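Notes for the structure review
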Amino acid sequence: MIISNGYFYNTLTSDRGDSDELKQCIENTVDKLTSLETNSLKPGILLGKIQSGKTRAFLGAIALAFDNNYDVTIVLTKGTKALAEQTYQRILNDFRRFLDNDEVQVYDIMHFPQNLTSWELKQKLIIIAKKEINNCC
């Protein structure tokens, strides 16, 4: 059973003014992801139509996962530099309060530090990568 009244989740959904319907979707999603076994052959993924609110939902799912003892999130984007940058900026915006409080670090995989400090490793991490073999372009 997921904890749905935690710090990251409540703060994010409150700051964004999320509807009860969206919060229920986020909670159901994380509940399913934590109750079903996932692996490389059967990953947990979110699918939806263009402009359906996928990004808003998965960012809420990240916050809720952080409240449920997850420390690292890897966000895979489509294979364009522009979409990776758009996703990165959206995460920075939604998680601004946590970034400002040094509770979360957000990295583009192409600019990931070689060695994280112990201070950085104590924070929640969000890593954005294009879902391509070649992430350079």
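The following refers to the structure shown. (Residues numbered from 1 in each chain as written. Predicted model: local features only at pLDDT ≥ 70, side-chain atom pairs only at ≥ 80, totals over all residues. Heavy atoms only, no water.)

1. Details of the pairing of strand β2 (residues 104-108)
Burial of β2 is extensive: 5 of the 5 residues sit out of reach of the surface. Both faces of β2 are covered, namely the face carrying V104, V106 and D108 and the face carrying Q105 and Y107. In this structure, β2 lies alongside strand β3 (residues 124-130), joined through 5 bridges in parallel fashion. Paired with V104 across the two strands is K124, which belongs to β3. (Buried < 20%, exposed > 50% of the residue type's maximum accessible area, 1.4 Å probe, protein only. Helix = DSSP H or I, 4+ residues; strand = E, 2+ residues; numbered from the N terminus. Pairing = 2+ DSSP bridges.)

2. Section: the packing of aromatic side chains
The tally for this structure, following the rule as stated, stands at 7 aromatic pairs. Relative to F98, the ring of F95 lies with its centre 5.7 Å away and its plane at 50°, an arrangement referred to as tilted. Accessibility expressed as a relative area gives 0% for F95, which makes it buried. Overall, F98 belongs to the buried group, its relative accessible area being 1%. (Phe/Tyr/Trp six-rings, centres within 6.5 Å; stacked < 30°, edge-to-face > 60°.)

3. Examining helix α4 (residues 81-94)
Its 14 residues place the ends of α4 20 Å apart at the C-alpha level, agreeing with the 20 Å of an ideal helix rising 1.5 Å per residue. The set of residues buried in α4 consists of A84, T87, I91, L92 and D94. Summarising the contacts, the buried residues of α4 are in contact with α1 (7-16), α3 (54-67), β1 (72-77), α5 (96-100), β2 and β3. (Expected span 1.5 Å × (residues − 1). Contact = heavy atoms within 4.5 Å.)

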